[in-house]
Amino acid sequence: MAFAYAALFLLVICIFKPAISQQSNSTLIGLGYSISTNIHPTSWRSPSGTFAFGFYPQGSGFIVGIWLVCKPADIITWTAFRDDPPVPLNATLELTGNGKLLLRTYYATSEAGEEKLIANTEKSASNARMFDSGNLVLYNEHSDVIWESFSFPTDTLLGGQNLSEGGELISSASTTNSSTGRFHLKMQIDGNLVSYPIDTIDTSVDAYWNTATFDSSVTNLYLNYSGGLLILSNDSNITVFSSDSKSESRAIIYRATLEYDGIFRLYSHNFDSNGAFTTSLVYYEPKNQCEVKSFCGLNSYCTMNDNQPYCSCLPGTVFVNPNQRNKGCKRNYTEELCKVAEETSSYRITDMEKMAWDDFPYSTNSMSEEDCRKSCLQDCNCAGAQYVSGDCKKVKFPVKYAKRLADNSSKVFFKVGLKSIERSSNRSIATAMKPPVVHKTSKKTVVLICVMSVAFITCSSIAIAVSGFFISRSRAVKARMRKSVETNVSTPEEVELCIWAYEVLVARELDKLDLGVDVDLENFEKMVMVGIWCIQDEPGIRPSMKSVVSMLEGITGVSVPPNPTSASTSA
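Residues numbered from 1 in each chain as written. Predicted model: local features only at pLDDT ≥ 70, side-chain atom pairs only at ≥ 80, totals over all residues. Heavy atoms only, no water.

- As recorded by an unreviewed UniProt entry, the protein carries the name rust resistance kinase LR10-RELATED and is attributed to Salix koriyanagi.

1. Some thoughts on helix α9 (residues 521-534)
Phase 1 of the analysis: The end-to-end C-alpha separation of α9 is 20 Å, in line with the 20 Å expected for 14 residues at 1.5 Å each.
Phase 2 of the analysis: Most of α9 is tucked away, with 10 of its 14 residues classed as buried.
Phase 3 of the analysis: Listing the buried residues of α9 in full gives F524, E525, K526, V528, M529, V530, G531, I532, W533 and C534. (Helix = DSSP H or I, 4+ residues; strand = E, 2+ residues; numbered from the N terminus. Expected span 1.5 Å × (residues − 1). Buried < 20%, exposed > 50% of the residue type's maximum accessible area, 1.4 Å probe, protein only.)

2. With respect to the sheet that holds strand β35 (residues 411-417)
Where strands meet in a sheet, backbone hydrogen bonds hold them as pairs that are either parallel or antiparallel.
Phase 1 of the analysis: Read from one edge of the open sheet, 5 strands run β29-β35-β32-β33-β31, paired in antiparallel fashion. Two strands bound the open sheet, and with one partner strand each, they are β29 (347-353) and β31 (363-366). Within this sheet the neighbouring strands show an average axis-to-axis angle of 20 degrees, counted without direction.
Phase 2 of the analysis: Alignment of β31 against strand β33 (residues 391-395), held across 4 bridges, turns out to be antiparallel. The partner of T364 across the bridge, within β33, is K393.
Phase 3 of the analysis: Across the sheet, helix α3 (residues 369-377) lies against β29, β32 (384-388), β33 and β35, angled at about 30 degrees from β35, the strand it touches most. (Pairing = 2+ DSSP bridges. Axes fitted to C-alpha atoms, helices over the stretch in contact; angles between N-to-C directions. Contact = heavy atoms within 4.5 Å.)

3. Some points on α3
Since there are 3.6 residues in each turn of an α-helix, residues three or four apart along the chain are aligned in direction.
Phase 1 of the analysis: The complete set of buried residues in α3 reads C372, R373, S375, C376 and L377.
Phase 2 of the analysis: Buried-residue contacts for α3 involve β29, β32, β33 and β35.

4. A look at the sheet that holds strand β17 (residues 193-197)
Phase 1 of the analysis: Strand order across the open sheet formed by 4 strands is β15-β16-β17-β18, with antiparallel pairing between neighbours. A single partner strand is all that each edge strand has here, and the edge strands are β15 (168-174) and β18 (209-210).
Phase 2 of the analysis: The sheet contact formed by β15 and strand β16 (residues 177-187) spans 5 bridges and is antiparallel. Considered in β16, the bridge of S174 is made with N177.

5. Let's talk about the nonpolar core
Phase 1 of the analysis: In terms of nonpolar packing, the biggest core is built from 33 residues, with F53, F55, V64, L93 and I118 touching the most fellow members.
Phase 2 of the analysis: For this core, the elements supplying multiple residues, two or more each, are β4 (51-58), β5 (61-68), β6 (75-80), β7 (92-95), β8 (101-107), β10 (127-131), β11 (136-139) and β12 (145-148).
Phase 3 of the analysis: Considering every element that reaches this core, the biggest residue donor is β5, with 4 residues.
Phase 4 of the analysis: When residues no more than four places from it in sequence are discounted, the contact partners of I118 are F53, V64, W78, A80, F81, L93, L101, L102, L103 and W147.
Phase 5 of the analysis: By size, the runner-up hydrophobic cluster in this structure holds 29 residues, among which are V412, Y502, L510 and I541. (Core = buried A, V, L, I, M, F, W, Y, C linked by side-chain atoms within 4.5 Å.)

6. Looking at the environment of I29
Phase 1 of the analysis: Position of I29 relative to the elements: it lies in strand β1 (residues 26-30).
Phase 2 of the analysis: In this structure the C-alpha to C-alpha distance between I29 and M130, which are 101 residues apart in sequence, comes to 7.8 Å.
Phase 3 of the analysis: Discounting chain neighbours no more than four positions away, the residues touching I29 are W44, L95, N127, A128 and L136.

7. A word on the confidence of the model for the protein
Phase 1 of the analysis: Taken residue by residue, the protein gives an average pLDDT of 79. The fraction at 70 or more is 73%.
Phase 2 of the analysis: The low-confidence segment residues 423-444, where pLDDT is below 50, has 35 contacts with residues more than four positions distant or belonging to other chains.
Phase 3 of the analysis: The model gives residues 567-571 a pLDDT under 50, and that stretch makes 15 contacts with residues more than four places away or in other chains. (pLDDT = per-residue confidence, 0-100.)

8. Here's the deal with the pattern of salt bridges
Phase 1 of the analysis: For the structure shown, the criterion picks out 16 salt bridges.
Phase 2 of the analysis: Across the pair D358 and K293 runs a salt bridge whose closest N-O atoms are separated by 3.2 Å. Linking D358 in the loop between β30 (355-357) and β31 with K293 in the loop between β24 (277-285) and β25 (300-305), this pair joins segments that are 65 residues apart in sequence.
Phase 3 of the analysis: Classification of K293 by relative accessible area gives buried; the value is 14%.
Phase 4 of the analysis: Among the ionic pairs, D358 bridges to K403, the shortest N-O distance being 3.0 Å. Linking D358 in the loop between β30 and β31 with K403 in strand β34 (residues 402-404), this pair joins segments that are 45 residues apart in sequence.
Phase 5 of the analysis: In this structure K403 comes out as partly exposed when scored by relative accessible area, which is 32%.
Phase 6 of the analysis: Three or more residues joined by partner-sharing salt bridges are found here, namely D351, E353, E369, E370, R373 and K411. (Salt bridge = Lys/Arg side-chain N within 4 Å of Asp/Glu carboxyl O.)

9. Some thoughts on the pairing of β33
Phase 1 of the analysis: In terms of strand pairing, β32 meets β33 through 5 bridges, oriented antiparallel. Each residue of the ladder has a partner; that of G384, found in β33, is V395.
Phase 2 of the analysis: Following β32, the chain reverses through 2 residues before pairing antiparallel with β33; S389 in that reversal takes a positive phi of roughly 50 degrees.

10. Some thoughts on the packing of aromatic side chains
Phase 1 of the analysis: This structure, assessed with the given rule, holds 8 aromatic pairs.
Phase 2 of the analysis: Measuring from ring centre to ring centre gives 5.7 Å for W357 and F414, while their planes differ by 65 degrees; the resulting arrangement is edge-to-face. With W357 in strand β30 and F414 in strand β35, this pair connects stretches of sequence that are 57 residues apart.
Phase 3 of the analysis: Ring pairing ties together the aromatic residues W78, W147 and F152, which thus form one cluster.
Phase 4 of the analysis: Cation over ring: K287 sits above Y284, and NZ or CZ is 4.3 Å from the ring centre.
Phase 5 of the analysis: The lysine or arginine in question, K293, covers the ring of Y401, its NZ or CZ lying 5.0 Å from the ring centre. (Phe/Tyr/Trp six-rings, centres within 6.5 Å; stacked < 30°, edge-to-face > 60°. Lys NZ or Arg CZ within 6 Å of the ring centre and 35° of its normal.)

If you want it as structure tokens, here you go:
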């Protein structure tokens with residue numbers, strides 16, 4: 001009998017020890033407890049101080065969330081109401097007497113304030129606890145879990161946390177903005193873990209990374225305490241990443257985050273006895289930033305320069321925001337202009353090799369390469385055409401998934417307007433079709449054209465001599481070879497020829513230059529545009545020598561080129 005009592009006593013200890021041990025690693029938040037934005041402390045910390053839940057400064061106010069307490073900067077791991085405006089001053093967080101975790105905000109226009117439930121559950125909590133794992137948990141009077149932050153991840157998984165079947169991580173907008181970003185990682189019900197751009201229908205065409213783990217018995221993605229990423233199923237566990245660490249040390253915190261750039265990264269944060277820590281990147285997918293679809297936005301494509309992503313616009317488009325190149329590009333001609341044009345001379349086709357896209361074509365037909373060019377040129381809906389194995393595949397704007405290829409297996413054609421939007425609003429299409437008039441060219445014009453020609457020849461020589469690896473460095477070489485001309489410009493930066501010539505061109509002020517009374521302005525304008533096309537940094541959009549001759553002779557049209565200096569600005 002004594003042995004039976006002893007065995008029962010040991011069994012009770014074994015059952016309750018985990019619960020006792022777990023709660024010893026947590027900070028108790030009782031009914032009636034509250035914190036506010038303007039009285040310290042502004043957060044509830046876990047027992048070791050590693051994690052905190054409360055008000056975190058961001059922008060002009062605060063966000064409500066959980067963060068890893070680090071120096072020099074904390075790391076946000078969970079956010080409540082991530083797409084709401086920042087919380088103002090005079091806000092409070094309270095676990096009310098009736099067991100609700102509430103955010104109360106007070107505004108000058110309302111005395112009553114506004115209340116929002118942090119934990120959206122109909123059950124009432126008896127207490128809440130903030131754990132050293134980074135999990136915030138609400139319990140009822142029977143110590144049953146009724147809500148936990150680990151069940152509602154935003155962009156991060158921590159050690160011991162699951163991403164359930166059908167669940168997703170959604171990236172933040174930036175490193176300093178926790179609102180919803182542009183990418184999401186989805187634990188699909190078919191067992192596959194897949195990354196997509198946001199606002200897509202999540203088809204295979206939209207996907208840019210996946211684990212190829214198709215198993216209908218999958219239950220969730222799990223990040224264990226030793227840094228391993230596992231896809232758990234009823235039959236067996238599938239390893240996504242296996243950590244070298246075999247111990248579940250509480251001194252190391254593992255964090256898997258879908259970051260603002262669309263890459264899924266796993267970090268380890270190793271704390272020493274003094275509280276100092278080191279952060280290491282132990283795993284990430286995809287390996288190449290340019291593999292992230294839509295990273296550069298619409299109508300653009302990504303290349304890697306010195307291991308850094310670089311966004312470029314497709315021909316016929318310009319950056320929506322030149323200062324934020326990953327926001328995409330917009331076309332520099334309108335569909336209305338295409339529809340009113342009776343002649344295809346208002347447009348030209350630009351070829352690009354080593355280029356393709358994953359967008360679904362709206363038209364696919366077998367034809368010759370030349371017929372494919374003509375078909376796109378004459379079709380107002382056509383933004384570009386991809387010619388592969390005798391098939392002409394046409395796509396509309398916007399082009400979502402353009403990409404560079406390593407070989408010449410595919411060729412694409414882009415439609416480019418001969419006039420930018422600014423020019424088309426000031427000059428009719430008929431003007432572009434006016435027959436050329438031969439005039440005597442002034443001496444100043446000859447000097448300027450010669451300088452432009454020298455710049456073209458020099459930059460073309462550099463492009464031929466330098467391999468793709470040194471393309472980014474050629475920009476600096478090219479800049480040193482640009483020559484200045486004597487003008488009446490008012491600021492020093494306008495003296496550099498390429499910048500000054502482009503600005504005068506797009507402003508349509510070439511006629512204001514002192515070039516002589518007998519200058520053929522249209523021919524002069526054409527020569528300037530050809531010169532700027534020839535010194536573009538991106539080799540794929542520079543015209544060939546044959547094309548240059550055709551443009552100068554008037555056989556093919558010349559479109560307004562992109563800004564020759566925009567390619568020197570990083571993404």
